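Close look at the chain arrangement
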Amino acid sequence: MTKKKVLITGGAGFLGSHLSDRFIKEGYRVIAMDNLITGSLENIEHLFGKKDFEFHHCDVSRFIHVPGDLDYILHFASPASPIDYLKMPIQTLKVGSLGIHNCLGLAKEKKARVLIASTSEVYGDPLVHPQTEEYWGNVNPVGPRGVYDEAKRFQEAMTMAYHTFHGLETRIVRIFNTYGPRMRLDDGRVLPAFIGQALRGEDLTAFGDGSQTRSFCYVDDLVEGIYRLLMSDYAMPVNIGNPDEITINQFAEEIIRLTGAKQKVIYQPLPEDDPKQRKPDITKAREILGWEPKFSRAEGLKPTLEYFKGKVGG
Ligand code: UDP
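Described in the following lines is the structure provided in the data block. Since we're looking at a predicted model, the values are computed, not measured. (Residues numbered from 1 in each chain as written. Predicted model: local features only at pLDDT ≥ 70, side-chain atom pairs only at ≥ 80, totals over all residues. Heavy atoms only, no water.)

Around the ligand, 18 residues are found, and the nearest of them are Thr-205, Phe-207, Arg-214, Asp-274 and Arg-278. Here Arg-145 contributes a side-chain N or O atom positioned 2.9 Å from an oxygen atom of the ligand. In the environment of the ligand, an oxygen atom lies 2.8 Å from a nitrogen or oxygen atom belonging to the side chain of Asn-177. Secondary structure elements with two or more residues in the shell around the ligand: helix 5 (190-200) and strand 8 (204-207). Class assignment for the residues of the shell around the ligand results in eight nonpolar, four polar and six charged. (Near = heavy atom within 4 Å. Polar contact = N/O pair within 3.5 Å; in protein donor to acceptor, adjacent residues only side chain to side chain. Helix = DSSP H or I, 4+ residues; strand = E, 2+ residues; numbered from the N terminus. Nonpolar A, V, L, I, M, F, W, Y, C, P; charged D, E, K, R; others polar.)

See below:
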């Protein structure tokens, strides 16, 4: 029997590389595609020797060509951390609009099923808590985060249009804050920022008064949720994240305890439009996919810390 083939855009990124690992493990042929503006070959170098793995260095926003059959397309290409999309606003908008259009066109041609990486950012600075998939969000289209939030919202709309108009099989995952090995130490997100600071002997920089909340999901849990969603027959958006909510202050204290750091927390201005609270309602994932996170923060932070120890000063 020929193996099923999956295209993963952003395949050299944090999530894309973990998904590549998972699909190789499940016995698929994997094509990882990346333009490497935020992804890194280091994340997938262990896959290069495998006969079922291919890497295509290209920009999904321009044109994508894949010879032969294709069963699944996972669109994970995009700058995804606030400082990355502030540095690359046009590329972020393009990959969420032109990029998804190319993926959907390819999927139509190949009769492939598409899963897109959407985000909790579609809820903006949410006025409903925890966030359910029915909530439409509170997004500032012209604020600094608008380039990411609106690209992802457009991406959902475009995907739904291909689903309803062309009958394409589509899946939408709304990903909440996720962490684990292969995050970039300098991507600006709170977890690599705090761990990097703790390990380098610097004070931890909490933005605002540190009372804003986030809910952190370990990458293996996320990948399991995505895999189940892809294999399901559910076309509406599904939140995947860990509902264990904590303030940024509590998180800083946790990292200080975990690393044995002696430094303190210092406060810096809150970035514009920074969401005050975020926690997924995962009722749909539980009921439709039989999924819920298995890793506590304590369990997920262990391998993550080990990974970052190898990167700091390395
Ligand atoms: N944050 C912080 N210090 C940092 C980096 C981020 O206090 O060095 C805060 C940020 O203001 C936000 C939260 O941590 O409230 C999570 O930020 P992140 O960049 O990880 O992603 P977001 O969830 O905002 O997309």
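The structure having been displayed, the exposition proceeds.
Packing of helix 5 against helix 7 (residues 248-259) leaves a shortest axis separation of 10 Å and a crossing angle of 40 degrees. In terms of orientation, helix 5 and helix 7 fall into the oblique class. The hand of the helix 5/helix 7 crossing is right-handed. Within the contact between the two elements, helix 5 uses Val-190, Leu-191, Phe-194, Ile-195, Ala-198 and Leu-199 and helix 7 uses Ile-248, Phe-251, Ala-252, Ile-255 and Thr-259. Residue composition of the contact of helix 5 with helix 7, grouped by class: 10 nonpolar, one polar and no charged. (Axes fitted to C-alpha atoms, helices over the stretch in contact; angles between N-to-C directions. Parallel < 35°, antiparallel > 145°, perpendicular 65-115°, else oblique. Left-handed = near helix turned anticlockwise from the far one by under 90°. Contact = heavy atoms within 4.5 Å.)

In this section: the nonpolar core. Grouped together as the largest cluster of nonpolar side chains are 58 residues, with contacts concentrated most on Phe-23, Leu-74, Phe-76 and Ile-226. It is helix 6 (residues 219-231) that contributes the most residues to this core, seven residues altogether. For Ile-226, the contacting residues outside a window of four places in its chain are Leu-19, Leu-74, Phe-76, Leu-115, Val-173 and Ile-175. (Core = buried A, V, L, I, M, F, W, Y, C linked by side-chain atoms within 4.5 Å. Buried < 20%, exposed > 50% of the residue type's maximum accessible area, 1.4 Å probe, protein only.)

Before going further, it helps to spend a moment on the sheet that holds strand 1 (residues 5-9). Spatially, seven strands are ordered 3-2-1-4-5-6-11 in an open sheet, and the strand pairing comes out parallel. With one partner strand each, in any of the chains shown, strand 3 (53-57) and strand 11 (238-240) form the two edges of the open sheet. Neighbouring strand axes in the sheet, compared pairwise and without regard to direction, differ in orientation by 20 degrees on average. As defined by bridge partners, strand 5 (residues 113-119) adjoins strand 6 (residues 170-175) across six bridges and the pair is classed as parallel. Of the residues in strand 6, the one forming a bridge with Ser-118 is Arg-174. With respect to the sheet, helix 4 (residues 146-166) is in contact with strand 4 (72-75), strand 5 and strand 6, its orientation differing from that of strand 5 by roughly 155 degrees. (Pairing = 2+ DSSP bridges.)

This part covers the layout of surface pockets. Roughly 300 Å³ of internal volume is contained in the second largest pocket. Along the wall of the second largest pocket there are 16 residues; nearest its centre are Glu-133, Trp-136, Glu-156, Arg-174 and Pro-237. Elements with a contribution of two residues or more to the lining of the second largest pocket: helix 4 and strand 6. The greatest single-element share of the lining of the second largest pocket, amounting to three residues, is contributed by helix 4. (1 Å grid on protein atoms, 1.4 Å probe; cavity = no way out; pocket = protein on both sides within 12 Å on 5 of 7 lines; lining within 4 Å. Points joined across faces, edges and corners; volume = space filled by probe spheres on them.)

Turning our eyes to something else, we now look at the state of the cysteines. Following the criterion strictly, the structure yields zero disulfides and no others. Cysteine Cys-103 is unpaired, with the sulfur of Cys-58 as its nearest cysteine sulfur at 9.7 Å. (Disulfide = S-S within 2.5 Å.)

On to the packing of aromatic side chains. One pass over the structure, following the stated rule, counts 13 aromatic pairs. With a centroid separation of 4.7 Å and 45 degrees between ring planes, the pair formed by Tyr-218 and Phe-295 is classed as tilted. Here Tyr-218, found in strand 10 (residues 217-218), pairs with Phe-295, found in the loop between helix 8 (283-289) and helix 9 (297-311); they are 77 residues apart in sequence, far enough to count as distant. Tyr-218 gets classed as buried once you look at its relative accessible area, which sits at 5%. Given a relative accessible area of 28%, Phe-295 falls into the partly exposed group. The structure contains a cluster of three or more aromatic residues connected by ring pairs, namely Phe-23, Tyr-28, Tyr-72 and Tyr-227. Across from the ring centre of Tyr-227, 4.4 Å away, lies the NZ or CZ of Arg-22, which sits over that ring. (Phe/Tyr/Trp six-rings, centres within 6.5 Å; stacked < 30°, edge-to-face > 60°. Lys NZ or Arg CZ within 6 Å of the ring centre and 35° of its normal.)

Attention now moves to unusual backbone geometry. Cis geometry is found at the peptide bond from His-129 to Pro-130, where omega equals -10 degrees. Within the element layout of this structure, Pro-130 appears in the loop between strand 5 and helix 4. One non-glycine residue, Lys-111, adopts positive backbone phi at about 55 degrees. Position of Lys-111 relative to the elements: it lies in the loop between helix 3 (89-110) and strand 5. Classification of Lys-111 as exposed rests on a relative accessible area of 73%. Although it is not a glycine, Asp-273 sits at a positive phi angle of roughly 65 degrees. Positionally, Asp-273 belongs in the loop between strand 13 (265-268) and helix 8. Residue class for Asp-273 comes out partly exposed when judged on its relative accessible area of 30%.

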